[in-house]
Amino acid sequence: MRKRAKKIYRQKFKKKPHCVSHLCPQPRRQPQPRPRPTFNPPVYNVVHNICGNILLNNTVPTLEIWKGKMEKKATITLSVFNSSMSTSFIGVTITRNCKCPVEFTVPPGSTLSSTVDNAKSITVSQKDAGIADGKYNLEVCFVASS
């Protein structure tokens, strides 16, 4: 026989091993434990913008512009503008749950900003005699899940 014929003959009539179930039992597969489905609710950053006017004088020397009544920690960014027509400085006090309050004073014709974590309330007050006229912009950001 030639080489090619021998090769075909060997492939055709070669004994193939076969398995009879009672002679060669197949090992049983252990079922793979399925991972438990975990439910992670989607998380959202919620941002609220609050804007308003400030007018402080002898009859209204102090004004609370925001008070947090949430269980979640909130990060706030506050910008206070004091008009150049004002004759008084605006004092800003941001109280926090755990730490000392953040305080700053805005002179007439200026704007000052601050970002504070875990804020509890924001109060503006008149520092000198006269009138304090201005505006504020408050951005409250907290994490919420559905």
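Please refer to the structure placed before this passage.
On a predicted model such as this, the values are computed, not experimentally measured, just so you know. (Residues numbered from 1 in each chain as written. Predicted model: local features only at pLDDT ≥ 70, side-chain atom pairs only at ≥ 80, totals over all residues. Heavy atoms only, no water.)

Undergrad: Where do I start with the side chain of S125 in this structure?
TA: With respect to the helices and strands, S125 occurs in strand β7 (residues 119-126). Beyond its immediate chain neighbours, meaning those up to four positions away, S125 contacts L56, P61, T62, F89, I90 and G91. (Helix = DSSP H or I, 4+ residues; strand = E, 2+ residues; numbered from the N terminus. Contact = heavy atoms within 4.5 Å.)

Undergrad: Whenever I open this one, the sheet that holds β7 confuses me. Can you help?
TA: Paired through their backbone hydrogen bonds, the strands of a sheet run either parallel or antiparallel. Pairing within the open sheet is antiparallel, and its 4 strands lie in the order β2-β7-β4-β5. A single partner strand is all that each edge strand has here, and the edge strands are β2 (62-67) and β5 (102-106). Within this sheet the neighbouring strands show an average axis-to-axis angle of 15 degrees, counted without direction. (Pairing = 2+ DSSP bridges. Axes fitted to C-alpha atoms, helices over the stretch in contact; angles between N-to-C directions.)

Undergrad: Got a minute to help me understand unusual backbone geometry in this structure?
TA: Trans peptide bonds make up most of the peptide bonds, and negative phi angles are found at most residues other than glycine. Even without being a glycine, N118 presents a positive backbone phi close to 60 degrees. Structurally, N118 can be placed in the loop between β6 (110-117) and β7.

Distances and angles like these do not, on their own, reveal function.
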